[in-house]
Amino acid sequence: MMQKCAVFSSLLSALILFTCIPTAVHGCDFAQPACGAAADGDVILGIMLPCHQKVTALHERVKPERFHCSDFDLESFILSLATIHEIEEINAAGFLPGVRLGYLMCDTCSYASKALQSVEHMLAVNTSLTVKCDYTNSTPTVKIILGGLYSEVSIAVARLLNVFMVPLLSGTSSSPELSDKTRYPVFMRTIPSDIHQTKALAKMMLYFDWNWVGVVYGDDDYGRAAFQSFFWDAEENGVCLAFQEVLPHYLDHSEREHRIRQIALQIRSSSAQVVVLILRAELVNAIFQEMIRTNTSRTWVASDSWSSSWSLAQMDGINTIGDILGFTFIAGKSELFDNYLKNLAATPGGHNLFIEKYKHIRFNCTPECFSNTPPPYCPSNDLLKIKSGDACNITHPQEQHDDYLVKSLDTSKAFPHRIAVWAVANALKKLLKCNNSSCSGEINFPPWKVRMDSYKCGKSLGEMSSVFTKRRMNILSLVLQLLQELKNIEFQLEDQIFSFDENGDFVNGYDLVMWEEGSQHRRLRRIGKYHISNGQIELLVKHFNWISTVNNTTPRSRCSERCAPGSVKKILNVSCCYNCTLCVEGTYSDDWDLHVCKKCPNGTWSLKGWTECGPRWESFLRWRDPRPISMLAAAVFGILLLFVVFVIFLVHRDSAPMKKAEVRLSCVMMAGLGVSFASVICLMGRPSVHLCQARQVMYAMGFTLCVSCILVKAYRTFLAFLPFSQITHRRLHKLYKPPVIILVLTSLQGVICLLWLLFDSPDIDDTPPSPQSMVRLIQCSEGATFIGFGVMLGYIALLALVCFLLAFKGRKVPQEFSETGYIIFSMLMYLFVWVCFIPVYITHDEKRTPAQASAILVSTYGIIFCHFVPRCYRALRGPETDVFERILRRCGLAKCPNLESDTEINIDIQARNTAFKRYDRFSVTSTTTILSSLETQNPSDSEVVVKTVFDKKIHPFSRETNAIRRRRSISF
């Protein structure tokens, strides 16, 4: 039985050994520079950060030899020291009772392949890494790795750690690619993803009104991913790329200098005044050197990889290249960490070759490095600047301490790395089930190994197999639990609460920094924040100095100026290059830089270039407006004036001037003029259908009545003083019937108005408003064809023209015997006013009603002042004497002894022959009626009649010394 058990054990051991044949990958021990810092502990944390900027002669590498690093980097060195310091602080505080954290730090030299080599050292057991198909039973010494600095390094390392499921926790790698948990399940970070950073950059462009920018990005995983993210975010925020250039990320690239000059030329030749650099600090340094050499100034926007770079801020000539802004991760000062930097020393019981190298550069006396031909082991000129002035007076350089790192570098940027250590410590505290005094969880995760003496030979193979499976699952659980605890951890540090989202990222925002101008270098100033939760920028500093502009104004970088409200963009070639065009009528734009004008809602309208729509306002002659008030006052005054005239006519009806003016005929004229004035009142106010019809009919009938009376007067004078044959005169005299003439002429106008109302009646004008006007005219339309309106006015104009012609024929009659002058003037005034009215009415829709009202008022007042006011004046002045004596004297005639008697006027033709050669003979008589018959006369009538004798054959010595008395007589 014992033999069977021994044989079985031998076979099982052989099987285990056979499945665990290692493939050794020999590496360096902890004393080698590849992993230059370490400290023992119960739980070992890996630290993978660069202390050097690059690997030398990489393009010459032809065999798998060691990587040679150069250019010691103080900024990344500070980050590694912050991680180590927090580990020591956790141990000193007893945060994990009974458990001490150790660390193993390797230098990645900012190169992904070197970082993978460092992973070998961290995961190696006994300096070798066993290659297996299944690493479930493996328990590496390093439980988690903190790093790397650059996204490209973290992407490479995370892919390798996926095999071992060892968590990778970074404080600076921000590539969006790393948020993909399918591809990088072990990766987590204490900063936001670049998805948020590029959104912040695009928001900053929008905040400062920059829409025309250039971009230079690195040809690595970080640069390409960040550029693509920024490209989409910029497009969403209306930001266009003037140019986009890519720069090889490897610094020793053979064509790097040539490529940098090309990019610098592109920057100088572009109209974009803002340039975004998504590059490592070393590449930015090379571009800035070219900008300083060519004296080029721009506004530079920094990505997180160099936005707080101390080495760039200390460049000579950095103040000449323009403004620099960028976003940094949330930072925080720590006084304990600053004190640690002032007293740098390796962790007790451990070693740190990087601290030794820093002190060697800082305190060792190396005068040969400052010569013209320094030895190859000397650091770069930038590093020589950190040499202490007392270096050659120091006996033991490694024992020296000072505050150079605190004063020269921004130690607050190490905050995300300090948070990473505390996140791991809090996860371990839960995993190890720690309380205030101890941790009860399993600390040592040994590799899976079966101890044969722990099982009795009596156990069956199935039972042993079950034990192996249980042990395997426990180990797997221990490995995976740390990653799971990290994802769910929530802890507080320095009054802030931190946790990871579903992608393993922090979402605590960014600080907006500006590089302020110093005496020779730049200093960083935090001027604002970007809040990821609402995607907004908050400026904490309202006033800061811009270097690249005059009068401290914000730099401008636009392909086209913004389109103000009221206009929209008309794109030329790219969305940021456009012309601004005004919105047409009926559309509007109420914001800056809109692409399309908005249509006005129903019931509203806008004019060209308007920023909003509004209801059209109705236009008509409102009672409260100044113009209608003045017109109304003129119409009312005209009616009152007519009333006064009417009273005067009635009071003085028996006076000579009133008898000559024919009181009854004048009263009819006054009635017509009163109706005309009333039609003006109907033109005021909001029109209606009935008002539209009434006002035109009132004016037509009233003014026609007045003009008909004037025509009667003109016809009377025409008959009295113009020579006609006796037959013609008799016929014309028969036509002179004033009541009939007035009635017929006015009735004819009534027929015209009736036909107009029946077939083309005035109505409210429903013509749509002009698109170029916000006024909706509420006015009358004088019919669809305007024929009725035209015929009505034409008829009045015809009567006025007839009056004018009749009066013009008798214009030489003395004014004392006729009203020809007044008739001529009043009719000319009427014709002139209405001729001027026609073009205004046709061309100006909005002035039709005021023009008609004005025309009515002017023509009506013209008749009043021509026909009534002079008569009233004469009547009020008193009776006239010796009227005909003055007339005859004016004509050169002898004085008549009795002008009022029914006698002949004897005229000495011989004595007055010379004076009367151009005159006819006159006789004066009186009649009882206006235009009596040719046979009868009433000598008792008191009206003066002048008779003209047309004798073409009068001899100067004729015996007929008396003027022949003629029957033909017309009264005045």
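Within any chain, residue numbers begin from 1 and follow the written order of that chain's sequence. This being a predicted model, a pLDDT of at least 70 is required before a residue's local features are given, and a value of 80 or more before pairs of side-chain atoms are given or counted; all residues contribute to the totals for chains, interfaces and linings. Processing note: side-chain calculations cover all non-hydrogen atoms of the structure and skip hydrogens and water entirely.

S.K.: With reference to specific residues and values, describe the packing of aromatic side chains.
M.R.: Aromatic contacts are taken between Phe, Tyr and Trp rings whose centres are within 6.5 Å, Trp giving its six-membered ring; a plane angle under 30 degrees counts as stacked, one over 60 as edge-to-face, and the others as tilted. With the rule as written, the count across this model stands at 38 aromatic pairs. Both rings, one in phenylalanine 703 and one in tyrosine 830, keep their centres 5.1 Å apart while their planes meet at 20°; by these two values the pair is stacked. Here phenylalanine 703, found in helix 19 (residues 689-721), pairs with tyrosine 830, found in helix 23 (residues 820-843); they are 127 residues apart in sequence, far enough to count as distant. A residue is classified by how much of its surface remains accessible, and tyrosine 830, at 1% relative accessible area, is buried. In this structure an aromatic cluster arises from ring pairing among Tyr699, Phe703, Trp756, Phe786, Phe789, Tyr830, Trp834, Phe837 and Tyr841. Note on conventions: DSSP H or I runs of at least 4 residues are helices, E runs of at least 2 residues are strands, and numbering of each starts at the N terminus. The rule is simple: take the accessible area with a 1.4 Å probe, protein chains only, and divide by the maximum for that residue type; under 20% is buried, over 50% is exposed, in between is partly exposed.

S.K.: Could you give an account of helix 3 (residues 112-123), with specific residues and numbers?
M.R.: By this rule, a helix spans an expected 1.5 Å times one less than how many residues it contains. Between its terminal C-alpha atoms helix 3 stretches 17 Å, which fits the 16 Å expected from 12 residues at 1.5 Å a residue. Those residues of helix 3 that sit buried are Ala112, Lys114, Ala115, Ser118, Val119, His121, Met122 and Leu123. In what follows, residue pairs with any heavy atoms lying within 4.5 Å of each other are defined as contacts. Tucked inside the fold, the buried residues of helix 3 contact strand 2 (43-48), strand 4 (69-72), strand 5 (101-106), strand 6 (142-147) and helix 4 (151-164).

S.K.: Explain the environment of serine 567 to me, using residue names and the numbers behind them.
M.R.: Its place among the elements puts serine 567 in strand 20 (residues 567-571). A relative accessible area of 6% places serine 567 in the buried class. Apart from the residues within four sequence positions on either side, serine 567 is in contact with Cys580, Thr581, Leu582, Cys583 and Ser589. The term polar contact refers here to a pair of N or O atoms within 3.5 Å; inside protein, the definition further demands a hydrogen-donor-capable atom paired with an acceptor-capable atom, and it admits residues adjacent in sequence only when both atoms are side-chain atoms. Within polar-contact distance, the side chain of serine 567 engages the backbone oxygen of alanine 564 at 2.7 Å.

S.K.: Outline the confidence of the model for the protein, supporting the account with residue identities and numerical values.
M.R.: In the predicted model, the protein carries a mean pLDDT of 79, and 80% of its residues have values of at least 70. The quantity called pLDDT is the predictor's confidence in a given residue, expressed from 0 to 100. Confidence drops under pLDDT 50 across residues 1-33; counting only partners more than four residues distant or on other chains, this segment forms 35 contacts.

S.K.: Pulling in residues and values, what's your account of the sheet that holds strand 2?
M.R.: Backbone hydrogen bonds hold the strands of a sheet together, and the pairing may be parallel or antiparallel. With respect to topology, seven strands assemble into an open sheet ordered 8-7-6-2-5-1-14, the strand pairing being mixed. Here the strands that pair on one side only, and so sit at the sheet edges, are strand 8 (187-189) and strand 14 (351-352). Note on pairing: DSSP must find at least two bridges between two strands before they are called paired. The pairing of strand 7 (residues 168-170) with strand 8 spans three bridges and is parallel. Its bridge partner lying in strand 8, leucine 168 is registered against phenylalanine 187. Lying on the sheet, helix 2 (residues 74-93) is in contact with strand 2, strand 5, strand 6 and strand 14; it crosses strand 5 at an angle near 170°. To get an axis, a line is fitted to the C-alpha atoms, and for a helix only the part in contact is used. The angle between two axes follows their N-to-C directions and goes from 0 to 180 degrees. Running at roughly 170° to strand 2, helix 3 makes contact with strand 2, strand 5 and strand 6 of the sheet.

S.K.: Requested: an account of the state of the cysteines, with residues and values cited.
M.R.: A pair of cysteine sulfur atoms is labelled a disulfide when the two atoms are within 2.5 Å. If you walk through the whole model with that rule in mind, you get 11 disulfides. The disulfide that involves cysteine 69 links it to cysteine 109, with 1.7 Å between the sulfurs. For the disulfide bridge between cysteine 69 and cysteine 109, the dihedral angle about the S-S bond is near 95°, and by the sign convention the bridge is right-handed. Of this pair, cysteine 69 sits in strand 4 while cysteine 109 sits in the loop between strand 5 and helix 3, and the two are 40 residues apart along the sequence. With relative accessibility at 1%, the residue cysteine 109 sits in the buried group. The disulfide bridge from cysteine 600 ends at cysteine 613, spanning 1.8 Å between sulfur atoms. Disulfide cysteine 600-cysteine 613: the torsion about the S-S bond is -70°, which places it as left-handed. Residue cysteine 600 is found in the loop between strand 23 (598-599) and strand 24 (617-619), and its partner cysteine 613 is found in the loop between strand 23 and strand 24; the two are separated by 13 residues along the sequence. Unpaired in this structure, cysteine 709 has its nearest cysteine sulfur neighbour in cysteine 706, at a distance of 6.6 Å.

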